[in-house]
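Spelled out from the first residue to the last, the chains are:
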Amino acid sequence: TAPAPAKGFLLAGNGAGGHKFGTAEAKAEKALSSAFGEPDESVQGVLCELDPGSPWARTLFYDGLSVVFTAKSAKKSSPRTLDSWSLSLDGKLPAVQLEDDIPLNLSFKQLKAKYPKGKLVDTGLGDGSEIFTLPNGIRFVGVDVPDMVMAGELHYCE
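Residues numbered from 1 in each chain as written. Predicted model: local features only at pLDDT ≥ 70, side-chain atom pairs only at ≥ 80, totals over all residues. Heavy atoms only, no water.

1. Some details on the layout of surface pockets
By volume, the largest pocket amounts to about 490 Å³. Taken together, 26 residues form the lining of the largest pocket, with M150, E153, L154, H155 and Y156 sitting closest to its centre. Tallied by class, the residues present in the lining of the largest pocket amount to 14 nonpolar, seven polar and five charged. (1 Å grid on protein atoms, 1.4 Å probe; cavity = no way out; pocket = protein on both sides within 12 Å on 5 of 7 lines; lining within 4 Å. Points joined across faces, edges and corners; volume = space filled by probe spheres on them. Nonpolar A, V, L, I, M, F, W, Y, C, P; charged D, E, K, R; others polar.)

2. Examining the sheet that holds strand 9 (residues 119-122)
The eight strands are arranged 4-5-6-7-12-11-10-9 in an open sheet whose pairing can be described as antiparallel. For this open sheet the edge positions go to strand 4 (41-46) and strand 9, each flanked by a neighbour on one side alone. On average, each strand axis in the sheet is inclined to that of its neighbour by 20 degrees, with strand direction left out of account. Of the pairings in the sheet, the one linking strand 7 (residues 80-88) to strand 12 (residues 145-152) comprises five bridges and is antiparallel in character. Across the sheet, S86 pairs through a bridge with M150, a residue of strand 12. (Pairing = 2+ DSSP bridges. Helix = DSSP H or I, 4+ residues; strand = E, 2+ residues; numbered from the N terminus. Axes fitted to C-alpha atoms, helices over the stretch in contact; angles between N-to-C directions.)

Honestly, it's all geometry; don't read function into it.
Given below as structure tokens:
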């Protein structure tokens, strides 16, 4: 039997829309455009103003999905590649599907039960938030229940 067609844009532990992290921005953006049309918002600048080594980045927003492209340097002209994605579970969700048909509505306890090989750790941010990382690299983040799903580079700006 053929696999069922994807119910929306595929978010994976190693990329988005069939493109792996590290894919050229234009190529990945084309897949995003054909799935969602124009982004609701596009923001660019140095990823973290507080970090002098921080790369130039551009983030595209589609409903609750944000997709980050980063350059190898802080130069705006530097070519950018697909770096990470995150999906906010709080509001309206775009038509997306997680790799391996992972449901988006599970608590940390349910995730741990369903995916015993996953790893639950405290984020260390001091707000009680936790990160549950699945074997495929997708991370659920939140306090008690996940309010965000993400994959790719983790960026902390402090």
